[in-house]
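Observations on chain architecture
Residues per chain, in single letters:
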Amino acid sequence: MAGLNALNSFKWLSRNSRGLLSGAEATTRYLSRPISTETSATSEQSAREALLAKWAPKPVLATTYSFPSMEPVRFVQYPENKLLMPLRKDILHRAVVYEGDMTRQGTASTKWRDDVRGSHRKLRAQKGSGHARVGDRQSPIRRGGGVAFGPHPRDFSSGLPAKMYDQAWRIALSYRFRRGQLIIIDNEIDIPEDASPYLIEEIFKVNRWGREYGRSTLITTRESPRLFDAVNEVGKHAKILSKDDVDVKDLLETGRLIMEKRALDRLLSEHSRDIKPRLAKAT
Amino acid sequence: MRSSLRLLNLEAPASQRSRNLYVCSVCRHEARPRPFVARQFLRHASDSTPITERVRRKLWGTDNPPGLKDPYGGEGVFERKFKRGQSAPQENEPEAATEAAEDAVSEDSSYEPATTWEGLQRVGHLGTWSDLPPTKADAYTSFSLNRRLTKPVHLSLAAHQTAVELSLLHTLKKPLTNICDVIEHEQPVFKLIRNCKIQPKSSGQWDSAVVYPDKETEEALVYIFEQIGGAQEAAAEVATEVAPETAEDAELAEIEAAEAEDAEFEEEVPTTPSPPFFGYRDVKDKGYLDLSLNDPITKFAFLKRFSQLTGHFFPDPVIHQISSVQHVMKHVLAEQNPKPKKLADFLVADASLQSLPNVKIFAKKQKPSHKDEELGRKKLIDAELRERGLV
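Residues numbered from 1 in each chain as written. Chains lettered and ligands numbered in written order. Predicted model: local features only at pLDDT ≥ 70, side-chain atom pairs only at ≥ 80, totals over all residues.

With an unreviewed UniProt entry as reference, chain B is termed Large ribosomal subunit protein mL50, source organism Aspergillus keveii. Under the UniProt heading Sequence similarities (unreviewed entry), the entry covering chain B gives this text: "Belongs to the mitochondrion-specific ribosomal protein mL50 family." Per UniProt, the comment on chain B under Subcellular location (unreviewed entry) is "Mitochondrion". (UniProt positions renumbered as here; feature names shortened; annotations may be inferred.)

As annotated in an unreviewed UniProt entry, chain A carries the name Large ribosomal subunit protein uL4m and is attributed to Aspergillus keveii. Quoted verbatim from the Sequence similarities (unreviewed entry) heading of the UniProt record, the comment on chain A is "Belongs to the universal ribosomal protein uL4 family."

A few words now on the interface of chain A and chain B. Between chain A and chain B, the contact holds 23 residues from the first and 19 residues from the second. Those elements that place two or more of their residues in the side of chain A that touches chain B are strand 1 (60–66), strand 2 (71–78), helix 5 (162–178) and helix 6 (197–207) of chain A. Among the residues forming the side of chain A that touches chain B, the class breakdown is 14 nonpolar, 4 polar and 5 charged. (Contact = placed C-beta atoms within 7 Å. Helix = DSSP H or I, 4+ residues; strand = E, 2+ residues; numbered from the N terminus. Nonpolar A, V, L, I, M, F, W, Y, C, P; charged D, E, K, R; others polar.)

A few words on the environment of Arg148(B). All names here are of chain B. By secondary structure assignment, the location of Arg148 is in the loop between helix 4 (96–107) and helix 5 (152–172). You can call Arg148 buried: it has 20 C-beta atoms within 10 Å. Through-space distance from the C-alpha of Arg148 to that of Gln308 is 10.0 Å; in sequence the pair is 160 residues apart. (Buried ≥ 20, exposed ≤ 12 C-beta atoms within 10 Å, placed from the backbone.)

All right, on to the nonpolar core then. One broad trend across soluble globular proteins is that nonpolar side chains are buried collectively. Ala168(A), Ala172(A), Ile184(A), Ile200(A) and Met259(A) are the most contacted members of the largest nonpolar core, which totals 48 residues. By residue number, the principal contributor to this core is helix 5 of chain A, which donates 7 residues. By size, the runner-up hydrophobic cluster in this structure holds 44 residues, among which are Leu221(B), Ile228(B), Phe277(B) and Leu309(B). (Core = buried A, V, L, I, M, F, W, Y, C linked by C-beta atoms within 7 Å.)

Residue and element names in this part refer to chain A. The strand order across the open sheet built from 6 strands is 2-1-3-6-4-5, with neighbouring strands paired in mixed fashion. The open sheet terminates on both sides in strands that have one partner only, identified here as strand 2 and strand 5 (238–242). Between one strand axis and the next, the sheet turns through 30° on average, direction left out of account. In this structure, strand 1 lies alongside strand 3 (residues 182–185), joined through 2 bridges in parallel fashion. Bridged to Thr64 within strand 3 is Ile184. (Pairing = 2+ DSSP bridges. Axes fitted to C-alpha atoms, helices over the stretch in contact; angles between N-to-C directions.)

Quick look at the confidence of the model for chain B now. Predicted coordinates in areas of low pLDDT are best not read in detail. Confidence in the prediction for chain B averages 76 pLDDT; 71% of positions are at 70 or higher. Across residues 37–41 of chain B, where pLDDT falls below 50, the model places 9 contacts with residues more than four positions away in sequence or in other chains. (pLDDT = per-residue confidence, 0-100.)

Turning our eyes to something else, we now look at the pairing of strand 6 (residues 256–260) of chain A. Residue and element names in this part refer to chain A. Extensive coverage of strand 6 is indicated by the burial of 5 of its 5 residues. Along strand 6, one buried face is formed by Arg256, Ile258 and Glu260 and the opposite face, lined by Leu257 and Met259, is buried too. Of the strand pairs in this sheet, strand 3 and strand 6 are connected by 4 bridges, and their pairing is parallel. Within strand 6, the residue paired with Ile183 across the bridge is Ile258.

Turning our attention to the packing of helix 6 (residues 187–195) of chain B against helix 7 (residues 215–227) of chain B. All names here are of chain B. Between helix 6 and helix 7, the least distance of the axes is 10 Å, while the angle of their chain directions is 120°. By the angle between their directions, the pair helix 6 and helix 7 is classed as oblique. The handedness of the crossing between helix 6 and helix 7 is left-handed. Together, Val189, Leu192 and Asn195 of helix 6 and Thr217, Ala220, Leu221 and Ile224 of helix 7 make up the contact between the two elements. Its residues placed into classes, the contact of helix 6 with helix 7 shows 5 nonpolar, 2 polar and no charged. (Parallel < 35°, antiparallel > 145°, perpendicular 65-115°, else oblique. Left-handed = near helix turned anticlockwise from the far one by under 90°.)

A separate point is the packing of helix 5 of chain B against helix 10 (residues 296–310) of chain B. Residue and element names in this part refer to chain B. One way to put it is that helix 5 packs onto helix 10 with a least axis distance of 9 Å and a crossing angle of 140°. The angle between helix 5 and helix 10 falls in the class oblique. Along this stretch, helix 5 crosses helix 10, giving a crossing that reads as right-handed. From helix 5, Leu155, Ala158, Ala159, Gln161, Thr162, Glu165 and Leu166 reach across to helix 10, where they touch Thr298, Ala301, Phe302, Arg305, Phe306, Leu309 and Thr310.

This part covers helix 4 (residues 89–103) of chain A. Residues and elements named next belong to chain A. The terminal C-alpha atoms of helix 4 lie 21 Å apart, and with 15 residues this matches the ideal 21 Å at 1.5 Å per residue to within 8%. Among the residues making up helix 4, those that are buried are Ile91, Leu92, Ala95 and Tyr98. In a view along the axis of helix 4, the buried residues occupy a sector of 125°, so they form one face of it. Of the exposed residues in helix 4, the ones pointing more than 90 degrees away from its buried face are Lys89, Asp90 and His93. The inward-facing, buried residues of helix 4 contact helix 5 and helix 8 (248–253). (Expected span 1.5 Å × (residues − 1). Arc of directions from axis to C-beta.)

Looking now at unusual backbone geometry. Keep in mind that most residues, glycine aside, have a negative phi and that most peptide bonds are trans. All names here are of chain A. Cis geometry marks the peptide bond from Phe67 to Pro68; its omega dihedral reads 0°. Within the secondary structure, Pro68 is located in the loop between strand 1 and strand 2. Of note, Met70 is a non-glycine position whose phi angle comes to about 60°, a positive value. Relative to the assigned elements, Met70 resides in the loop between strand 1 and strand 2.

Put into structure tokens, the structure is as follows:
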């Protein structure tokens, strides 16, 4: 009985293992292959990982300062695809043109002869007066008549792929950063309640941000009327914008950008559609 | 021609200006108030006998005709005002009150009548911020020095001081940026720091890189730096007790005197009572240059402290490139001598570039006429132009 049981179990093994007991060569092949490939694969993989780690883009280190003393507070890290994008003047140009087109009012308007008020009576008889023939007074060749081919309200805005526009934002910020013209403020940009524009002038003078050094743009998260009024009084040295009013053109305009960190983070996260893959939604 | 018909005399009258000084015609023109509009309203051609008077005399046939002297109601308002303005300084019988006032003025020998508005007290304004002086709230205290130190000696002193401070804090295992709470050390403490040397053990390590001149200094500095972030006053007191009195003090006085003479900063600030670093003008060793700044925390602390002491700003890309104290010094010194922006300045600065075969430097901008001159055709062109009457 016991011998029969052992035979049955052997049969079962031979049927199911498929090659485990099908021959000596097969067994050795099966056993030897995984051992050798495993060792070589692990070494290759580790080398590859080491290389990748070596080549991996390192995050950018940026200093944050406290306003207005400009005391360095800490180093912060940003991914290189946000603050170290290579300069692409063509993309920047397209973005600036796109913004310019977007901001065109396009409200110029004239009246064509149909729109001009008045009677469409024939001014004089067709024949017999000795004068040239005329139609009505709305004719574009008459004074007070309609304007031929005049401007009419229209939309000048042009298109730009959103991902390209987002890139332009990050390229502009990266360009500033790479030139050392991006100053990140850790706290909020603000001045004391009873301070006057003299304070802004003094801050700009001591830190060399003024007109002699190419003016500076302050970018804040919150629009504080007191600060904005004070800065606008010394407009020859400074320009101030809240983060919602900033355009790519503003980022490129003055000598340097002095931004709150919160505003910078917000701008970067809002303009990362090309690097943030959107997950497909189940419908 | 009668005097009143002459061109308007735009020069200031002699009475209005100082007699001691010669004033040129241009200045006299500027000093004079604008000619009065009333000039145009003058009815009479001359001061002697107006035409109306002469007509009246002729009509009546006498030199003293009856009736009003001027049948047109006398001088107009502007005329009267203008006349008064003209004749006031020459009048011999002004009112007693004005005379007294004038006397008071003339008594003051230093008084000089102003000829322009410049320097006069401003009276009245529209209340805009620029009309009012800055208030207390407008005072700005910067983290770093308001002036940038530019002398290499000062920069090396600052770097050495920072290196000693940070390596001490490294050794004591204290937060490195705490040192920025001490804006300026007391002089004895600074002297102790300056006497220390930096000898990094291996590959620019900061730990125990400081070499103290003696045991006393070590104890004092360790004690002081233990206190940093806590009671600094106590530390300063101790330092004054411990500080060794050496012959350096006499030398220091000389240095300070010399320093006061040639204190040079990029931006001169009137409120600079003491020279930077108490007038010391040399660094004892160069070991601090080898210290490494690869560790971000150390780098941050070093640059923060260094910029606090020297007023220099380090932009992020520069910070990224810096990997040792040597790099910091190189960057700061290069800032003093920026690369010339104009090509001409660049070429003038370098003699080897001037000798290149394709480089020529002219004092003036070269125009086509210069080329004509060089090629010898300028004379021909000139002659031809003259012949045709074009020159």
